[in-house]
Amino acid sequence: RTAVDYFNPRTGEYNLFKEDMPVCQRSCPVNLDIRSYVGLIADGRHLDSLAVIRDRLPLPGSIGRICPHPCETACNRQYLDEPISICFLKRFVADVELQKRFEPIYETPEKKYPEKIAIIGAGPAGLTCAYDLARLGYANIKIFETLPVPGGYLWVGIPEYRLPKKILKREVDLICNMGVEIQYNTRVGEDIAFEALRKDYDAVFIGAGCHQGLKLGVPGEEEYQGKGVVDCVTFLREQALGRAPEAKGKLIVIGGGNAAIDSARVGWRMGFDEVYILYRRTRKEMPANPWEIDAAEHEGVILQYLAAPVEILGNSAGATGMKCIKMELGEPDASGRRRPVPVKGSEYVIDAETIVPAISQGTD
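Rules used in this analysis
Residues numbered from 1 in each chain as written. Predicted model: local features only at pLDDT ≥ 70, side-chain atom pairs only at ≥ 80, totals over all residues. Heavy atoms only, no water. Phe/Tyr/Trp six-rings, centres within 6.5 Å; stacked < 30°, edge-to-face > 60°. Helix = DSSP H or I, 4+ residues; strand = E, 2+ residues; numbered from the N terminus. Buried < 20%, exposed > 50% of the residue type's maximum accessible area, 1.4 Å probe, protein only. Lys NZ or Arg CZ within 6 Å of the ring centre and 35° of its normal. Pairing = 2+ DSSP bridges. Axes fitted to C-alpha atoms, helices over the stretch in contact; angles between N-to-C directions. Salt bridge = Lys/Arg side-chain N within 4 Å of Asp/Glu carboxyl O. Contact = heavy atoms within 4.5 Å. Core = buried A, V, L, I, M, F, W, Y, C linked by side-chain atoms within 4.5 Å.

1. Here we look at the packing of aromatic side chains
Stage number 1. If you walk through the whole model with that rule in mind, you get three aromatic pairs.
Stage number 2. Between Phe144 and Tyr201 the ring centres are 6.0 Å apart and the planes differ by 90°, which places this aromatic pair in the edge-to-face class. Here Tyr201 lies in the loop between helix 10 (194-200) and strand 6 (203-206) and Phe144 lies in strand 4 (residues 138-144), a separation of 57 residues in the sequence.
Stage number 3. Looking at Tyr201, the relative accessible area reads 14%, which means it is buried.
Stage number 4. A cation over a ring is seen here: Lys116 above Tyr201, with NZ or CZ 4.8 Å from the ring centre.
Stage number 5. The positively charged end of Arg269 is found above the aromatic ring belonging to Tyr161, 3.9 Å away from the centroid.

2. Structural notes on the sheet that holds strand 6
Stage number 1. With respect to topology, four strands assemble into an open sheet ordered 5-4-3-6, the strand pairing being parallel. Each edge of the open sheet is held by one strand with a lone partner, namely strand 5 (180-183) and strand 6. When the angles between neighbouring strand axes are averaged without regard to direction, this sheet yields 20°.
Stage number 2. Alignment of strand 3 (residues 113-120) against strand 6, held across four bridges, turns out to be parallel.

3. Side note on the pattern of salt bridges
Stage number 1. Within the structure shown, the criterion is met by 23 salt bridges.
Stage number 2. The partner of Asp95 in a salt bridge is Arg65, with the nearest N and O atoms 3.0 Å apart. Pair noted here: Asp95 is in helix 6 (residues 86-99) and Arg65 is in helix 4 (residues 60-66), with a separation of 30 residues, a long-range link.
Stage number 3. When its relative accessible area of 15% is taken as the criterion, Asp95 is described as buried.
Stage number 4. We note a salt bridge from Glu299 to Arg265, for which the minimum N-O separation is 2.8 Å. Here the residue Glu299 occupies a position in helix 13 (residues 290-299), and Arg265 occupies one in helix 12 (residues 258-270), the gap between them amounting to 34 residues. Here Glu299 and Arg265 have matching classes, each one buried.
Stage number 5. Connected through salt bridges with shared partners, the residues Arg162, Asp262, Arg265, Arg269, Glu292 and Glu299 form a single ionic network.

4. Let's talk about the environment of Val275
Stage number 1. Note on placement: Val275 falls in strand 9 (residues 274-278).
Stage number 2. Along the chain, Val275 and Pro114 lie 161 residues apart, while their C-alpha atoms are 54 Å from each other.
Stage number 3. Contact partners of Val275, with chain neighbours within four places excluded, come to Leu251, Ala264, Gly267, Trp268, Gly300, Val301 and Ile302.

5. Comments concerning the nonpolar core
Stage number 1. One finds Ile34, Tyr37, Ile141, Ile143 and Leu154 to be the most contacted residues of the largest nonpolar core, which totals 46 residues.
Stage number 2. In terms of residue count, helix 7 (residues 124-136) provides more of this core than any other element does, six residues in total.
Stage number 3. Leaving out residues up to four positions away in the same chain, Ile34 has contacts with Cys24, Gln25, Cys28, Cys71 and Ile86.
Stage number 4. In terms of nonpolar packing, the next biggest core, distinct from the first, is built from 24 residues, Val233, Ala259, Ala288 and Ala358 among them.

6. Focus on unusual backbone geometry
Stage number 1. With a phi angle near 40°, His69 is a residue other than glycine that sits in the positive phi range.
Stage number 2. The topology assignment puts His69 in the loop between helix 4 and helix 5 (70-74).
Stage number 3. Note on His69: relative accessible area 12%, which makes it buried.
Stage number 4. For Leu306, which is not glycine, the phi torsion reads 50° and is therefore positive.
Stage number 5. The topology assignment puts Leu306 in the loop between strand 10 (302-304) and strand 11 (307-315).

This is the structure:
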């Protein structure tokens, strides 16, 4: 059950194979061979470790910075002292390669398949699909991307301070060097017909992502949409593309996930006078990474717990604030968390020129 089962000092090799899949690997969305790459790092074989990671994951430098690492939550080491830093070890070996100025070549087999593959979306799913197919020998792979940049939500949803664009671009370029083509500014259904892809390509992979911010469903939201009210997906995307709205007055972000924290911390960097996060439960129930919440508070973001929006307020010029209500926790709901219940007569108003709902994302 240890990270490394056995080391042979005569041959310098690890025995990294067991009959069952370790709990960390089983909880990883791509089933990375964590035990192997951690063991290779322990032996100083950094580039070998990176090769093991890339067998399943072509974006180690990017994912090593932002992954919520469910593997660490499952790690058995926590019962002795603390979990192994599986995510940051992935970032570490990716950074070693950068420091050594080593430019890898993602190899493809000599024998190529002639079939044409269309991929919709140059986000993590589309890029990984292209990478895997190129490694199998498919030479005609084309990605159709709505945005003018690669990476999907990695580029337009993860702020620069968490994931530098140059890191992401380098990893995308390594995939493109395998013969993968990306056609930007192309929305399927508008710039090119889906049926045309079905006709011209032998296979189509759809990796469109969740780029639709969900709505609060409170009065005034539709009325002031685009006039002070902007969902977190649009807010983060416009900021990443250099088209952010003017940062004036106060900003309110509604939600308790990582998108809410990202929106608030981006807003703070944009220069809003004050930045609030409203969350209807307590900090204990917040789904955001605890270290991200700590960082937001350290930077000066004001977190108001047990509060929920009731109505967006405004005038002819746009939104002017939000009426809120205090909440208290009742019985657990289907998610296992205690259900927030409004406290009668506890309404209050926060003045704000910009209001960002960050309550989840869906597909368009």
